[in-house]
Amino acid sequence: MNKRDAFYFIGIGGIGMSSIAQYLITNNHKVGGYDLTKSEITKNLEKIGVQINYTDEINSIPSFFKKVSVIIIFTPAITFRNKQLLFFKNQGNQIYKRAQILGYLTKKFKTIAIAGTHGKTTTAAIATHLFYKTRQSFTAFVGGILNEFNSNIIINGDKYAIVEADEYDRSFLNLKPDYGLITSIDSDHLDIYGSFEEVKKSFSEFIKKISNKVITSKDLGVNGITYSLNKKSDYEAHNIKFSKTGYFFDLTTPSKTHKSVFFSQLGTHNLLNAVGAFAISSQVGINENELCEGLSTFKGVKRRFQLVLNTKNSIIIDDYAHHPNEIIAVWSALKNHFPNEKKCVIFQPHLFSRTKDFMNDFARALSKFDRVILLPIYPAREIPIEGIESSILQIKIKSKNKVELIELDDLLYTLKKIPEKVKVVLGAGDIGSQIEKIKEKLQKI
């Protein structure tokens, strides 16, 4: 790979793919790509000079990128049934998975890899904010859009790389981190792993690749530098007090206790992520007093317990949650911050395989809400599984009020009618594209 290389991305609109595309075009490479649908991400890429097409046909590929010398990058969500990918494979182009390229690009940095089945995006985003506020030399590849920058990549130097280490398809095993953080290890992606035991084995392999320090949530029982809320660990948040906009807490570290630290986001799961981000930033050697100040100014990540609207009649929270444990974490945060309000969840299940594997767990988690609105399963990379539908999940949910199953096109009309003040929108599919429309509709009521 050299400075003259051109790159073509198949699935360029993915959150992980787009950050690499931005990095390459910033470093003066020619970049193009294909994606199934237009989005804010693809529109922003086109604005900076990326050539994108939206039809999976060989003649859609710009002539410049049909050369055998062009390097092809594809996401695991793309199968080899993709016509463009087949064309490049048959032509003999160099073809890499996204994770392989990320591993290659980060070789020149001291790499900080943040892994976990839940919480890695928010933790990576908070660490990115802390590095930025403390004037570090770094580049961050994050799996979400930071509100502060309206971007999922921040290029601020070349000493450190902060990367989100994705366990899907064992992608994180392509990295060679100097520092690693593990937020959580839960059963997920069983379409890839087959069992929770295999998930745990993969994380063990990832930990072995970390050359310097391992930072880990206390609950995981993994050897390393630990962090927690209210549990004896190397970095412990305690004496936690709620506020309308976040938390005040004391933070004990290996060197001292910082009193009355403020973190500017809601949800104790996010507070735990903040302590993890603080811990890994401290272990790199950043001044802890400056890190405490940084926690107070973090502006959050899109679709991570994001307060979208707060009016007299409606509170709307948007979150990417697509696993039962993530839904429970969202429910707990809502219960703490809005204890006296009725709560409605709008949930779009993500993947047939995940819905099949966790059907009963989803039902238990969603049954905690006063009202449930279900959407059809978002298939992403999958084909339907017989007998696995949102209607089956609907039957299993024991909500206090009503469980409705609607189409995405009917969502705005349905939301206008429901009485619950707190409405939380959950899912990793295209439901995220509806948030601004929901906000616009409900802020008038």
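Heads up: these notes are all about the structure in this document. (Residues numbered from 1 in each chain as written. Predicted model: local features only at pLDDT ≥ 70, side-chain atom pairs only at ≥ 80, totals over all residues. Heavy atoms only, no water.)

**Considerations on the overall build of the protein chain**
Across its full length, the protein chain carries 15 helices and 21 strands. Scaling as 2.2 N^0.38, a compact globule of 445 residues should have a C-alpha radius of gyration of about 22 Å, and the protein chain matches this with 22 Å. Projected onto its principal axes, the C-alpha positions of the protein chain cover 60 × 55 × 45 Å. Burial statistics for the protein chain: of 445 residues in total, 56% are counted as buried. Looking at the protein chain as shown, the accessible area adds up to about 19100 Å², and 48% of this sits on carbon and sulfur atoms. The protein chain carries 60 positive and 44 negative side-chain charges, and their two centres are separated by 3 Å. (Helix = DSSP H or I, 4+ residues; strand = E, 2+ residues; numbered from the N terminus. Rg over C-alpha atoms; globule rule 2.2 N^0.38 Å. Buried < 20%, exposed > 50% of the residue type's maximum accessible area, 1.4 Å probe, protein only. Areas by Shrake-Rupley, 256 points an atom, 1.4 Å probe, with all protein chains shown as cover. Lys, Arg positive; Asp, Glu negative; His and termini not counted. Charge placed at Lys NZ, Arg CZ, Asp CG, Glu CD.)

**Notes on the nonpolar core**
In this structure, Ile112, Ile126, Phe131, Ile162, Phe249, Phe263 and Leu295 are the most contacted members of the largest nonpolar core, which totals 42 residues. Isoleucine 126 has contacts with Phe263, Asn270, Asn273, Ala274, Ala277, Leu295 and Phe298, leaving out every residue within four places of it along the chain. Ile101, Phe109, Ala115 and Ile182 belong to the second largest nonpolar core, which has 40 residues in total. (Core = buried A, V, L, I, M, F, W, Y, C linked by side-chain atoms within 4.5 Å. Contact = heavy atoms within 4.5 Å.)

**Concerning the side chain of glutamate 326**
Within the fold, glutamate 326 resides in helix α10 (residues 324-337). In this structure glutamate 326 is buried but unpaired, with lysine 120 as the nearest side chain of opposite charge at 6.7 Å. (Salt bridge = Lys/Arg side-chain N within 4 Å of Asp/Glu carboxyl O.)

**Digging into the sheet that holds strand β1 (residues 6-10)**
Taken in spatial order, the 5 strands make up an open sheet running β3-β2-β1-β4-β5, and their pairing is parallel. Looking at the sheet topology across the chains shown, the edges are occupied by β3 (51-53) and β5 (95-97). This sheet shows a mean twist of 20 degrees between the axes of neighbouring strands, independent of strand direction. One ladder, built from 5 bridges, connects β1 with strand β2 (residues 30-34); its direction is parallel. Bridge assignment links tyrosine 8 to a residue of β2, and that residue is glycine 32. On top of the sheet, helix α1 (residues 15-26) reaches β1, β2 and β4 (71-74); it is set at about 165 degrees to β1, its chief contact. Across the sheet, helix α3 (residues 83-91) lies against β1, β2, β3, β4 and β5, angled at about 140 degrees from β1, the strand it touches most. (Pairing = 2+ DSSP bridges. Axes fitted to C-alpha atoms, helices over the stretch in contact; angles between N-to-C directions.)

**Quick notes on the packing of α10 against helix α12 (residues 359-366)**
Where α10 meets α12, the axes come as close as 9 Å, and the angle between the chain directions of the two elements is 5 degrees. Taken together, the axes of α10 and α12 lie roughly parallel to each other. Here α10 contributes Pro324, Ile327 and Ile328 to the contact with α12, which in turn contributes Asp361, Phe362, Ala365 and Leu366. For the contact of α10 with α12, a count of residues per class yields 6 nonpolar, no polar and 1 charged. (Parallel < 35°, antiparallel > 145°, perpendicular 65-115°, else oblique. Nonpolar A, V, L, I, M, F, W, Y, C, P; charged D, E, K, R; others polar.)

**Quick look at the packing of helix α5 (residues 120-133) against helix α9 (residues 288-295)**
Running from amino to carboxyl end, α5 crosses α9 at an angle of 120 degrees, the nearest separation of the two axes being 9 Å. It follows from the interaxial angle that α5 and α9 lie oblique. In this structure, α5 meets α9 at a crossing whose hand is right-handed. Here α5 contributes Ile126, His129 and Leu130 to the contact with α9, which in turn contributes Leu291, Gly294 and Leu295. Partitioned by chemical class, the residues of the contact of α5 with α9 number 4 nonpolar, 2 polar and no charged. (Left-handed = near helix turned anticlockwise from the far one by under 90°.)

**Quick notes on the pattern of salt bridges**
One pass over the structure, following the stated rule, counts 17 salt bridges. Among the salt bridges present, the one from lysine 259 reaches aspartate 250, with a minimum N-O distance of 3.6 Å. Look at lysine 259 and you get exposed, because its relative accessible area is 62%. Aspartate 318 is the partner of arginine 303 in a salt bridge, and the nearest nitrogen-oxygen pair spans 2.9 Å. With arginine 303 in the loop between α9 and β16 (306-310) and aspartate 318 in strand β17 (residues 315-319), the pair connects residues that are 15 residues apart, well separated along the chain. Of the two residues, arginine 303 and aspartate 318, neither departs from the other in class, the shared state being buried. Each of Arg170, Glu198 and Lys201 takes part in one network of salt bridges that share partners.

**Points about helix α4 (residues 98-105)**
α4 sits mainly inside the fold: 6 of its 8 residues count as buried. Residues of α4 that are buried sit in contact with α1, β4, β5, β7 (138-146) and β9 (160-165).

**Comments concerning the pairing of strand β15 (residues 257-263)**
One ladder, built from 5 bridges, connects strand β14 (residues 246-252) with β15; its direction is antiparallel. Across the sheet, residue phenylalanine 248 finds its bridge partner in β15, namely phenylalanine 262. Hairpin connection between β14 and β15: a loop of 4 residues separates the two successive antiparallel strands.

**Looking at the sheet that holds strand β21 (residues 422-426)**
Reading across from one edge, β16-β17-β21-β18-β19-β20 is the order of the 6 strands in this open sheet, with mixed pairing throughout. Each having just a single partner strand, β16 and β20 (403-405) make up the two edges of the open sheet. Taking the axes of each pair of neighbouring strands and ignoring which way they run, one obtains an average angle of 15 degrees across the sheet. Two elements, β17 and β21, share 5 bridges in a ladder whose sense is parallel. Across the sheet, isoleucine 315 pairs through a bridge with valine 422, a residue of β21. Where α10 meets the sheet, it contacts β17, β18 (343-347) and β21, and its direction lies at approximately 160 degrees from that of β21.

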